Number of protein chains: 2
Amino acid sequence: MKTLKVAMLGFGNAGSAVGRLLADKHDEIMEKYDCDVKVTAIVTGKRGSVVDPEGIDLSKVCKAGATGAFPEDIRGLGAVSALDVVKNADYDVVCEMTPLNIFSGEPAITHIKEAFGRKKHVITANKGPIAWAYDELSQMAAENGCMFFYETVVMDGTPVFNLTEHTLKMCKVTEVSGILNSTTNYILEELAKGRDYDSIMESGRRLGFVEADPAMDIEGYDAAAKVTALLNVLMKAGITPDMVERTGIENITADDIKKAASRGKVIKLLCSGKLEDDGRVTASVKPVEVEMGDMLASIDSTTSVVSITTDLMGKISVIEHAPEIEQTAYGVFGDIIRVVEGIQQ
Amino acid sequence: MKTLKVAMLGFGNAGSAVGRLLADKHDEIMEKYDCDVKVTAIVTGKRGSVVDPEGIDLSKVCKAGATGAFPEDIRGLGAVSALDVVKNADYDVVCEMTPLNIFSGEPAITHIKEAFGRKKHVITANKGPIAWAYDELSQMAAENGCMFFYETVVMDGTPVFNLTEHTLKMCKVTEVSGILNSTTNYILEELAKGRDYDSIMESGRRLGFVEADPAMDIEGYDAAAKVTALLNVLMKAGITPDMVERTGIENITADDIKKAASRGKVIKLLCSGKLEDDGRVTASVKPVEVEMGDMLASIDSTTSVVSITTDLMGKISVIEHAPEIEQTAYGVFGDIIRVVEGIQQ
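Residues numbered from 1 in each chain as written. Chains lettered and ligands numbered in written order. Predicted model: local features only at pLDDT ≥ 70, side-chain atom pairs only at ≥ 80, totals over all residues. Heavy atoms only, no water.

**Student:** So what's going on with the pattern of salt bridges? Which residues, and what values?
**Tutor:** Residue and element names in this part refer to chain A. Per the stated rule, a full pass over the model turns up 32 salt bridges over all chains. Ionic pairing is found between Lys60 and Asp73, a salt bridge with its closest N-O pair at 3.0 Å. Of the two residues, Lys60 sits in helix α2 (residues 58–62) while Asp73 sits in the loop between α2 and β4 (77–78), which places them 13 residues apart along the sequence. Exposure remark for Asp73: the relative accessible area of 56% places this residue in the exposed category. In this structure, the salt-bridge partner of Lys259 is Asp255, at a minimum N-O distance of 3.4 Å. With a gap of four residues between them, Lys259 and Asp255 both fall in helix α11 (residues 254–262), about one helical turn apart. Ionic contacts of the salt-bridge type, sharing partners, join the residues Lys127, Asp222 and Lys226 into one network. (Salt bridge = Lys/Arg side-chain N within 4 Å of Asp/Glu carboxyl O. Helix = DSSP H or I, 4+ residues; strand = E, 2+ residues; numbered from the N terminus. Buried < 20%, exposed > 50% of the residue type's maximum accessible area, 1.4 Å probe, protein only.)

Set out below in structure tokens:
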């Protein structure tokens, strides 16, 4: 029997859901893959860390949820930093789930480099590294013989990167587009219902659709990072988020939406990227008017879509319907399963 | 360098498009996989057959298109039957693309069994065998150490079977639904525009959306075979098309559509299947009313969709937008590439 030791950097909503899923599926993985998946390190920002090379008792840790204090009697509880863990702990694969800095991708990029330097596999749920340093990181992974997976970065566990790699063999991606930011999708929909901006922001915060500082979403930075990640992986674009032509929804008024509706149209924040004739990939995030009967118009609230056009398979779209945190967790879990499969070979 | 010898049973619109794609991509496959893919047999119903263990000159054969006579100077031209080829010809993988008998799956099932009996790999673009004999055939494939692929059976090369196998690891499918028949989709749309039935059928035939005998589509037999194939593979349903609760669109009138529209609804022929509490899988094909703003309402004309619900990843949908014959061909081509990868291991 093999063993796979997992270090988790970050253990908030998504991280603790990954922990629960690993606990639930531990025996099934063991039976199916003859592999004992153990979590040997968990690092949080405010709750301290747990490091135990023998494997942390996930059922105990998960009881603390996404914010509660870890049980005091748990072995290995301390105050080790993410950088310490990634540099020194005993693990085979690290799951990078620390908070995102959307303007630099750090400190996640540094964590990932340290792991590859130690020839450890890496899974990132953090879009920063894929948006800011994909080429460098994927090259480091290859040079060190490491696996590097990041399905959750766009649309949780919905197959987007895996879809293109495993099911569209020999296809060349020529165009990518999608609706990838729930916050702006929600705001535009509520504006269309005639609600005023302040009350939308208030109910959005209550529902968890709107962050304390909503500028990252509203001004299109989050969408720009996601489309950059898509284009870097699917089209080898070699771009960074600051190269995306970016217009947010901050200047869209209820009146704009009403006027669009009078023409049978709906305003959506659309991400897109295209292979130009000169071989460059150009990218944009901007509000566009789509026909009311169009598939894009049906993508409401937290639902999202990516459309991928290839030379051999034309255009296909993948929709994730109304995901919960479990779908984010599944993205990381599915990547862990891929590592389990990879170490069997 | 490896060699993969392909026998093609059927060389109509889709088959000849596969031939063109194999000719176009021959050198790229050779470079990428170090494998020489040769077509060693082509069987047609009315144009005779070509059998050449050294490899048929595809550029010559493809010039005949989907219906023209094969060039007389081509080596190996004769009158061998599909059954002869599958039993006796020199090949590693057979592509089953003979005309479908939707009520039995024959003679395709027999062809496939003969191939497995000779320990040859099988790709079928023919939905009959997957709808009528999936369990038996997949068991024969396993017993004989053969690969068995059928991506094209539902939505051409759009990843549906591969998606679930390669990208939704450890997920259990609990529900499947979709709009999978273009003919009925086209007819319902045109009826909604106020056109009369006879003129729709006439223009549909001209556009290639309506078959000479449209009953298979209109009465839901085609959709029933497709949903059966989906459920047999994705949910191990072990059902046959006659077990699907089936209602076609033959009794839907322009008036029904108008009344639905007055309630903000559109009529679509929906396929669906569900895992019941007792472990059985139930399936239906029937006209249903969907909300005008719903994603399903946006699936127009030849576009199609499959939605898959799993325990771990919730609901995702995959849409194929307005496919051409090249997308059907890609499904078979992608399966051939999978065989090429499989024989490397």
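**Student:** Explain the environment of B:Asp34 residue by residue, including any values.
**Tutor:** Residue and element names in this part refer to chain B. For Asp34, the location among the structural elements is in the loop between α1 (13–33) and β2 (35–43). The exposure class assigned to Asp34 is partly exposed, which follows from its relative accessible area of 43%. Considered as a pair, Asp34 and Gln344 are 310 residues apart in the sequence and their alpha carbons are 9.1 Å apart. Non-local contacts of Asp34, meaning those with residues more than four positions away in its chain, are made with Met1, Lys2 and Ile29. (Contact = heavy atoms within 4.5 Å.)

**Student:** Go over helix α4 (residues 108–117) of chain B, please, and point to the residues and values.
**Tutor:** All names here are of chain B. When we look at burial in α4, the residues that qualify are Ala108, Ile109, His111, Ile112, Ala115 and Phe116. Axial view of α4: buried residues confined to an arc of 160 degrees, hence all on one face. Looking at the packing, one finds that the buried side of α4 touches β1 (2–9), α3 (82–88), β5 (93–96), β6 (121–124), α5 (127–143) and β7 (148–149). Among the residues trailing α4, Lys119 stands out with phi positive, at a value near 60 degrees. (Arc of directions from axis to C-beta.)

**Student:** I'd like a description of the relation of the copies chain B and chain A, backed by residues and values.
**Tutor:** Expressed as a screw transformation, the operator carrying chain B onto chain A has a rotation angle of 180 degrees and an axial translation of 0.0 Å, and the superposed copies differ by an RMSD of 0.0 Å. Viewed as a symmetry operation, the transformation between the two copies matches a two-fold axis. Taking the C-alpha atom as reference, chain B places B:Val318 closest to the rotation axis, 2.3 Å from it. Here 100% of the contact residues of chain B are again contact residues in chain A; the copies associate through an equivalent surface. (Least-squares fit on C-alpha atoms with pLDDT ≥ 70 in both.)

**Student:** Requested: an account of the interface of chain B and chain A, with residues and values cited.
**Tutor:** With 39 residues of chain B at the interface, the matching set in chain A holds 39 residues. Across the chain B/chain A interface, buried area totals approximately 3400 Å², and carbon plus sulfur atoms make up 65% of it. Taken as a group, B:Lys169, B:Met170 and B:Tyr330 account for 22% of the area that chain B buries against chain A, more than any other trio of residues on that side. We note a salt bridge from A:Glu341 to B:Lys169, for which the minimum N-O separation is 3.1 Å. Remark: the boundary between chain B and chain A carries twelve residue pairs in polar contact (both at pLDDT 80 or more). When residues of the side of chain B that touches chain A are traced back to their parent elements, those giving at least two are α1, α6 (161–167), β13 (314–321) and α12 (325–344) of chain B. No other element matches the eight residues that β13(B) contributes to the side of chain B that touches chain A. The class makeup of the residues in the side of chain B that touches chain A is 17 nonpolar, eleven polar and eleven charged. (Buried area = accessible area lost by both parts, 1.4 Å probe. Polar contact = N/O pair within 3.5 Å; in protein donor to acceptor, adjacent residues only side chain to side chain. Nonpolar A, V, L, I, M, F, W, Y, C, P; charged D, E, K, R; others polar.)

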